[in-house]
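Chain by chain, the residues:
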Amino acid sequence: PRRGLTASLCPQGRVVGGTEARSHAWPYQVSLQYYSGGGWYHTCGGSLIQRNWVMTAAHCVNNNLNYRVVAGEHNLNANEGSEQIFSVSKIIVHPYWNSNNVAAGYDIALFRLNGYASLNGAVQLAVLPQEGTILPNNYPCYITGWGLTRSECRAPPGDSGGPLHCAVNGQYQVHGVTSFVSSQGCNVLRKPTVFTRVSAYVSWINSVRPGDNPPAPACPDHRFTPGTGPAARSQRPRGLLSARGRVLLNETPA
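- Taking an unreviewed UniProt entry as the reference, the protein chain is identified by name as pancreatic elastase belonging to Ficedula albicollis.
- According to the UniProt record, the Catalytic activity (unreviewed entry) comment for the protein chain reads "Hydrolysis of proteins, including elastin. Preferential cleavage: Ala-|-Xaa."
- Its UniProt record gives the protein chain a comment under Subcellular location (unreviewed entry), which states: "Secreted".

Now the structure itself:
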């Protein structure tokens, strides 16, 4: 049988059992935040796939909320100077998404930003897989989000919609969008965390986002070095976490 993440997500979509990632080791990870009571609150993760487009999960969208996207984020409780904040000008949910039947798939949405992210060491674009790519069973990948470390027990913000990072040919690609887990809870035997398989939606993604990016400045690729991992312990509170595991991707085609 397929295995779930060894350090997986809670029912609200939270990383549990992870270690704090090195600052900006995953520079295309963004924080999706909503406004309430005079402040902004993290609710979901996402991936910067174009300088003005973010990919996340459809179930993260609530039409009654006002959203913003923060790129270059690491510590949610501090302003570190690397953050780039954008309001959202448009939200497009996959037309076949049904919130009453999450297991049917299509749990994917795109947010268009009101400006263009500046690419640098803290903010880069995610690499998407080729259309139709299916990784072998038990392929090792990383999941990231602002969740629980092994030593914590407090409830963190949610991390649904965040990226599943898989190293292919020496470069990390976003092969999954965090979707859902078993109702029995986290890390349950034979009850894997499920991700929307990005390669099944590449055509839909390309049909939604126009090629309207201005030329991007050159920046170093975020590449995988064999024998090393981006996860590293840090003393920063509420930092981005990463956990390594093996996954099941939702096979629903676009």
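Structure's up, so let's keep going.
1. Some thoughts on the overall build of the protein chain
Next, step 1: When you go through the protein chain residue by residue, the secondary structure sums to one helix and 14 strands.
Next, step 2: Taking all 254 residues of the protein chain together, 54% fall into the buried category.
Next, step 3: The contacts in the protein chain between residues at least 6 apart in sequence include a share of 75% that link residues at least 24 apart.
Next, step 4: Carbon and sulfur atoms make up 47% of the accessible area of the protein chain, which amounts to about 11300 Å² in all.

2. Digging into the environment of His74
Next, step 1: Relative to the helices and strands, His74 is located in the loop between strand 5 (67–71) and strand 6 (84–93).
Next, step 2: Residue classification places His74 among the buried residues on the basis of a relative accessible area of 1%.
Next, step 3: Along the backbone, His74 and Trp26 are 48 residues apart, and their C-alpha atoms lie at a distance of 9.5 Å.

3. Observations concerning the side chain of His165
Next, step 1: Looking at the secondary structure, you find His165 in strand 10 (residues 163–168).
Next, step 2: Residue His165 is classed as buried on the basis of its relative accessible area of 0%.
Next, step 3: At a separation of 2.7 Å, a polar atom in the side chain of His165 contacts the side chain of Tyr28.
Next, step 4: Aside from chain neighbours lying at most four places away, what touches His165 is Trp26, Tyr28, Cys141, Tyr142, Ile143, Thr144, Tyr172 and Gln173.

4. Section: the nonpolar core
Next, step 1: In terms of nonpolar packing, the biggest core is built from 45 residues, with Ile49, Met55, Leu110 and Ile205 touching the most fellow members.
Next, step 2: Elements with a minimum of two residues in this core: strand 2 (29–36), strand 3 (39–50), strand 4 (53–56), strand 5, strand 6, strand 7 (109–113), strand 11 (171–180) and helix 1 (202–208).
Next, step 3: By residue number, the principal contributor to this core is strand 7, which donates four residues.
Next, step 4: Met55 has contacts with Gly46, Ser47, Ile49, Ile108, Ala109, Leu110, Leu128, Gly161, Val174, Val177, Val198 and Ile205, leaving out every residue within four places of it along the chain.

5. Points about the state of the cysteines
Note on terminology: disulfide describes a covalent bond linking the sulfur atoms of two cysteines.
Next, step 1: For the structure shown, the criterion picks out two disulfides.
Next, step 2: In this model Cys44 forms its disulfide with Cys60; the gap between the sulfur atoms is 2.1 Å. Disulfide Cys44 to Cys60: torsion about the S-S bond roughly -90°, handedness left-handed. With Cys44 in strand 3 and Cys60 in the loop between strand 4 and strand 5, this pair connects stretches of sequence that are 16 residues apart.
Next, step 3: In this structure Cys60 comes out as buried when scored by relative accessible area, which is 6%.
Next, step 4: With its sulfur 2.1 Å from that of its partner, Cys141 forms a disulfide with Cys166. On the sign convention where negative is left-handed, the bridge of Cys141 and Cys166, at about 105° about the S-S bond, is right-handed.

Basis of the calculations
- Residues numbered from 1 in each chain as written.
- Predicted model: local features only at pLDDT ≥ 70, side-chain atom pairs only at ≥ 80, totals over all residues.
- Heavy atoms only, no water.
- UniProt positions renumbered as here; feature names shortened; annotations may be inferred.
- Helix = DSSP H or I, 4+ residues; strand = E, 2+ residues; numbered from the N terminus.
- Buried < 20%, exposed > 50% of the residue type's maximum accessible area, 1.4 Å probe, protein only.
- Contact = heavy atoms within 4.5 Å.
- Areas by Shrake-Rupley, 256 points an atom, 1.4 Å probe, with all protein chains shown as cover.
- Polar contact = N/O pair within 3.5 Å; in protein donor to acceptor, adjacent residues only side chain to side chain.
- Core = buried A, V, L, I, M, F, W, Y, C linked by side-chain atoms within 4.5 Å.
- Disulfide = S-S within 2.5 Å.

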